[in-house]
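Listed here are the chains, written in short residue letters.
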Amino acid sequence: MEKYIVCGGNRLQGEVEISGAKNAAVAIIPATILAQDRCVIENVPNISDVTILFNILKNIGAKVKYLSRNTVEIDTSYIAEPIVPYESSRHLRASYYFLGAFLGRFSEAHVSPPGGCNFGVRPIDQHIKGFEALGAQVSTDYGFIHAQAEELFGSHIYLDVVSVGATVNIMLAAVKAKGLTVLENAAKEPHIVDLANFLNSMGADIRGAGTDVIKIHGVDMLRGTTYSIIPDQIEAGTYMTIAAAAGGDVLIKNVIPKHLESITDKLIQAGVEITEFDDSIRVCRTGPLKKVNVKTLPHPGFPTDMQPQMTTLLSIAQGTSIVTEGVWDNRFKYVDELRRLGAQIQVDGKVAVVEGVPQLTAAPVKATDLRAGAAMLQAALCANGTSEIEDIAYIERGYEDIVQKLSSLGAEIKKVVTPDVTLPQAQ
Ligand code: EPZ
């Protein structure tokens, strides 16, 4: 079993470089299927979610070759069959983007329903609604979602809920459909814009990404391209809350400050000093943290993927903060772990009442999902004493070189491998 051992209390100082955005990469990598050609993708984050997607691509016949640590050549000229079985898809949510990409290229897709972080029901009805509006027939049997069409035709689609995944999947399926697709109530996250820019660089005609109406004029064919993925908004936000929690002074490099505005705003309200530069942001805290109320919302609201890190920060702020989860039904499961470190938080459904304590104290904890894992790391870094964090595979799904990056800022953290101990079942 792998775990992190973290000795808390060091003030973090220095510079950290942000990697390419996970949630853009996991959409762009399946999207290369639409090129039927060779693409070179730069700024690809070195994380396990990306490795899983490359393995899926290789399994279906694509060629994937690293040109350098973060630059990858993907050739999707030859793909055997538009099929992703459960064994491959179960490890991550984004495997459902193969549905849209296969449908766009072959008018046919067979993908086993995806895995991913568990924070309540994760329906895909809006993806299916979009595929059907484009003319596909969608069914589920023997553990597969099947989507098939003679030909796809542009359509007018209104999403009932703002969904990142449905927006991505519909864009992928519609990009080569005949005629115009108008997608209303679309998600506006930076990775939606990045995917649209990537597809446009392959010859697609997509306008309006980043607003709630996206217009896609279908094109006959797409070509290979060279493209660089945007910096990761959530990785940057995580280093911002970590620096703030540890009372540090950190320059976070390779960021787009505009993508971080909702996080910056809350940190300033909490008493943190933020200085924005063209492509970096400095986070410094010298005084006490103050209470802040936060509600997560789709972009440009405060990101749900920063909710655990922000709640953890507020657990050491003066006063009582209210955190409301506005996207997922059940994203406070990590709070039980945080309480083990001394946090005082009451959860009622989608609302957490956080009573700040002066100091967290070390304890063994586990990552319950990717961002919750990052929050545990943040808590351990400012807790008094040495904590152990288990189930770190979650963290490594989405944070490149997190141990090295934190160590370079002065954190005391190491990854250790211990033998698995299986206790007898309680009778
Ligand atoms: C994406 O998940 C991200 N994952 C998540 O980040 C992120 O939390 C989420 O968007 C919200 O920002 C990836 O990009 C790979 P949604 P996704 O569809 O696309 C409901 C991380 O930590 N909904 O925008 O699965 C759904 O239940 C991960 O990096 C429907 O009702 O999220 C939820 O309440 C975790 N029907 C809301 O919409 C649907 O068909 C938003 O979900 C689809 C979604």
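A few points on the structure. (Residues numbered from 1 in each chain as written. Predicted model: local features only at pLDDT ≥ 70, side-chain atom pairs only at ≥ 80, totals over all residues. Heavy atoms only, no water.)

1. Details of the site of the ligand
Part 1 of the reasoning: The local shell around the ligand holds 25 residues, among which S163, V164, D305, V327 and R371 are the closest.
Part 2 of the reasoning: N23 is positioned such that a nitrogen or oxygen atom in its side chain is 3.2 Å from an oxygen atom of the ligand.
Part 3 of the reasoning: The fraction of the free accessible surface of the ligand (830 Å²) that becomes covered by protein chains is 90%.
Part 4 of the reasoning: Elements represented by at least two residues in the shell around the ligand include exactly α1 (22-31), α5 (125-133), α6 (164-174) and α12 (370-382). (Near = heavy atom within 4 Å. Polar contact = N/O pair within 3.5 Å; in protein donor to acceptor, adjacent residues only side chain to side chain. Areas by Shrake-Rupley, 256 points an atom, 1.4 Å probe, with all protein chains shown as cover. Helix = DSSP H or I, 4+ residues; strand = E, 2+ residues; numbered from the N terminus.)

2. Section: the sheet that holds strand β4 (residues 63-68)
Part 1 of the reasoning: The four strands lie next to each other as β4-β5-β3-β14, forming an open sheet whose pairing is mixed. Edge strands, defined here as strands with exactly one partner in the open sheet, are β4 and β14 (226-228). On average, each strand axis in the sheet is tilted by 20 degrees relative to the strand beside it, whichever way the strands run.
Part 2 of the reasoning: The pairing of β4 with strand β5 (residues 71-75) spans five bridges and is classified as antiparallel. Counterpart to Y66 in the pairing with β5 is V72.
Part 3 of the reasoning: In the packing of helix α2 (residues 48-59) onto the sheet, contacts are made with β4 and β5, and the angle to β4 comes to roughly 135 degrees. (Pairing = 2+ DSSP bridges. Axes fitted to C-alpha atoms, helices over the stretch in contact; angles between N-to-C directions. Contact = heavy atoms within 4.5 Å.)

3. Observations concerning unusual backbone geometry
Part 1 of the reasoning: In this model, H299 is joined to P300 through a cis peptide bond whose omega is 10 degrees.
Part 2 of the reasoning: As for its placement among the helices and strands, P300 is situated in the loop between β18 (294-295) and α10 (307-314).
Part 3 of the reasoning: Of note in the backbone geometry, Y142 takes a positive phi value of approximately 45 degrees without being a glycine.
Part 4 of the reasoning: Tracing the chain through its elements places Y142 in the loop between β8 (137-141) and β9 (144-148).
Part 5 of the reasoning: Here Y142 falls in the exposed class, since its relative accessible area comes to 80%.
Part 6 of the reasoning: One non-glycine residue, N185, lies in the positive phi region at around 60 degrees. (Buried < 20%, exposed > 50% of the residue type's maximum accessible area, 1.4 Å probe, protein only.)

4. Description of helix α8 (residues 233-245)
Part 1 of the reasoning: Over its 13 residues, α8 runs 18 Å from end to end, which matches the ideal 18 Å to within 8%, given 1.5 Å per residue.
Part 2 of the reasoning: Of all the 13 residues making up α8, 13 are buried; the element is thus mostly covered by neighbouring parts of the structure.
Part 3 of the reasoning: Here α8 starts with a cap whose side-chain oxygen sits 2.8 Å from the backbone nitrogen of I234, and that cap is D232. (Expected span 1.5 Å × (residues − 1).)

5. Re the nonpolar core
Part 1 of the reasoning: By size, the foremost hydrophobic cluster in this structure holds 77 residues, and its most contacted members are L57, F98, L195, F198 and L199.
Part 2 of the reasoning: Residues contacting L195, with those up to four places away along its chain left out, are A27, I28, A31, V168, M171 and L172.
Part 3 of the reasoning: Judged by nonpolar contacts, the second largest core, of 70 residues, contains I242, V294, I395 and L409. (Core = buried A, V, L, I, M, F, W, Y, C linked by side-chain atoms within 4.5 Å.)

6. Things to note about the packing of α1 against helix α4 (residues 97-106)
Part 1 of the reasoning: At a minimum axis separation of 9 Å, α1 and α4 run at an interaxial angle of 30 degrees. In this view, α1 runs roughly parallel relative to α4, as classed from their interaxial angle. Viewed along their axes, α1 and α4 form a crossing whose handedness is right-handed. Residues V26, A27 and P30 of α1 pack against Y97, F98 and A101 of α4.
Part 2 of the reasoning: Each residue belonging to the contact of α1 with α4 can be placed in one class, and the counts come to six nonpolar, no polar and no charged. (Parallel < 35°, antiparallel > 145°, perpendicular 65-115°, else oblique. Left-handed = near helix turned anticlockwise from the far one by under 90°. Nonpolar A, V, L, I, M, F, W, Y, C, P; charged D, E, K, R; others polar.)

7. Some words on the sheet that holds strand β2 (residues 13-17)
Part 1 of the reasoning: Here we have four strands laid out as an open sheet, ordered β2-β15-β17-β16, and mixed in their pairing. The open sheet has two edge strands, β2 and β16 (273-276), and neither has a second partner. Averaged over all pairs of adjacent strands, the angle between strand axes in this sheet comes to 15 degrees, irrespective of strand direction.

8. Examining the packing of aromatic side chains
Part 1 of the reasoning: Under the counting rule described, the total for this entry stands at six aromatic pairs.
Part 2 of the reasoning: Note on Y96 and Y97: the rings are 5.1 Å apart at their centroids and 55 degrees apart in plane angle, and the pair reads as tilted.
Part 3 of the reasoning: Look at Y96 and you get buried, because its relative accessible area is 8%.
Part 4 of the reasoning: A relative accessible area of 6% places Y97 in the buried class.
Part 5 of the reasoning: For the pair F98 and F102, a centre-to-centre distance of 5.7 Å together with 45 degrees between the ring planes defines the contact as tilted. Taken as a pair, F98 and F102 lie in helix α4 at a separation of four residues, close to a single helical turn. Exposure class is identical for F98 and F102. Each is buried. (Phe/Tyr/Trp six-rings, centres within 6.5 Å; stacked < 30°, edge-to-face > 60°.)

9. Describing the pattern of salt bridges
Part 1 of the reasoning: Inspection of the entire model under this criterion finds 22 salt bridges.
Part 2 of the reasoning: Here K129 makes a salt bridge to D160, at a shortest N to O gap of 2.8 Å. With K129 in helix α5 and D160 in the loop between β10 (156-158) and α6, the pair connects residues that are 31 residues apart, well separated along the chain.
Part 3 of the reasoning: Accessibility expressed as a relative area gives 52% for D160, which makes it exposed.
Part 4 of the reasoning: Two residues, K366 and E337, come together in a salt bridge whose shortest N-O distance is 3.9 Å. (Salt bridge = Lys/Arg side-chain N within 4 Å of Asp/Glu carboxyl O.)

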